[in-house]
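Analysis of the macromolecular model
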Amino acid sequence: MRKLAAGNWKMNGTRASLSEVEAINAALNDTDPNVIICPPVPLLISACDIRGQIGIGAQDCHAASYGAHTGDISASQIADTGATYVIVGHSERRTDHRETNDAVQAKAQAAHEAGLIAIVCIGETLAEREAGKTLTALGQQMSGSIPDGATSQNTVIAYEPVWAIGTGLIPTLEQIDEAHRFMRAELLSALGADAQNICLLYGGSVKGSNA
């Protein structure tokens, strides 16, 4: 299974920033991991036009296919831009927008129905980590956020501990390995043998110097 690297630009970047997509594409070769870039919505179409080998994704979608949801974007609209991925359940949305596991699952299901690959984010808070409840928190988020129809073809799971995002704090390799091993076991139990091929990512204060 080829490795996967995904970059979430969050609410950063303008059209001038798309030169970075061009530079990354130019530097890739056949032995590098698959690369995904998730820019802000206004840049999706332009990013898709120049992506080359790079996968392009959105940072969120609405669970509904259409309707009176001012400021939102549906999974089908994302697919119409040419993008093939969408992030759902990022901790910033779980916190800032009070998104529940049920809401995240509905968005992931909408992504699947639109033909997108859902990058489902899970992760524990610092309080949960310090209380020894990391795996419990991850298990609850996985069971509540991942749709029944998840497969290795339509789903990626990203472990993003809340306490590591934007703080400069980095889990040890042992802590990440423990989380990923637990996640893989939960996926295999819930989804069967195909879950062995679902990509598991790590995110949280990742940069070139510590990747």
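Below, the structure is looked at part by part. (Residues numbered from 1 in each chain as written. Predicted model: local features only at pLDDT ≥ 70, side-chain atom pairs only at ≥ 80, totals over all residues. Heavy atoms only, no water.)

1. Overview of the layout of surface pockets
For clarity, the cut-off: Using a grid of 1 Å spacing that covers the protein atoms alone, one calls a set of points a cavity when a 1.4 Å probe fits there but cannot get out, and a pocket when the set is open and has protein on both sides within 12 Å along at least five of seven lines; lining residues are those with an atom within 4 Å of a point. Grid points are joined across faces, edges and corners, and a volume is the space filled by probe spheres set on the points. A run of DSSP states H or I qualifies as a helix once it reaches four residues; a run of E qualifies as a strand once it reaches two. Both are numbered from the N-terminal end. Residue polarity is assigned by list, with Asp, Glu, Lys and Arg as charged and Ala, Val, Leu, Ile, Met, Phe, Trp, Tyr, Cys and Pro as nonpolar; anything else, Gly included, falls into the polar class.
The computed volume of the largest pocket comes to approximately 790 Å³. Breaking the lining of the largest pocket down by element, the ones donating at least two residues are strand 1 (4–8), strand 5 (117–122), helix 8 (173–191) and strand 7 (200–202). Sort the elements by how many residues they give to the lining of the largest pocket and strand 1 lands first, with 5 residues. The residue makeup of the lining of the largest pocket, split by class, is 16 nonpolar, 9 polar and 3 charged. The space that makes up the second largest pocket amounts to roughly 530 Å³. Around the second largest pocket, the lining is made up of 20 residues, and of these Val41, Gln59, Asp60, Arg93 and His97 lie nearest the centre. It is helix 4 (residues 91–96) that provides the largest number of residues to the lining of the second largest pocket, a total of 3 residues. By residue class, the composition of the lining of the second largest pocket is 8 nonpolar, 6 polar and 6 charged.

2. Concerning helix 7 (residues 134–145)
To be explicit about the condition: One less than the number of residues in a helix, times 1.5 Å, gives the span that helix is expected to have. A simple rule labels every residue: compare its accessible area, found with a 1.4 Å probe on the protein chains alone, to the largest value its type can have, and call it buried under 20%, exposed over 50%, or partly exposed in between. The contact definition used throughout considers only heavy atoms, calling two residues in contact when any of these lie within 4.5 Å.
Taking 1.5 Å as the rise per residue, helix 7 with 12 residues should run 16 Å; its terminal C-alpha atoms sit 16 Å apart, in good agreement. Those residues of helix 7 that fall on the buried side of the exposure criterion are Thr134, Ala137, Leu138, Gly139, Gln141, Met142, Gly144 and Ser145. Residues of helix 7 that are buried sit in contact with helix 4, helix 5 (101–113), strand 5, helix 6 (126–130), strand 6 (155–159) and helix 8.

3. Considerations on the pattern of salt bridges
Charged atoms that come close allow side chains of opposite charge to pair. Operational definition: By salt bridge we mean one thing: a side-chain nitrogen of Lys or Arg within 4 Å of a carboxyl oxygen of Asp or Glu.
Applying the stated criterion across every chain, the model contains 7 salt bridges. In this structure, Asp60 engages Arg93 in a salt bridge whose closest nitrogen and oxygen atoms are separated by 3.1 Å. Here Arg93 lies in helix 4 and Asp60 lies in the loop between strand 3 (55–58) and helix 3 (75–81), a separation of 33 residues in the sequence. Accessibility expressed as a relative area gives 11% for Asp60, which makes it buried. The class of Arg93 is partly exposed, set by a relative accessible area of 22%.

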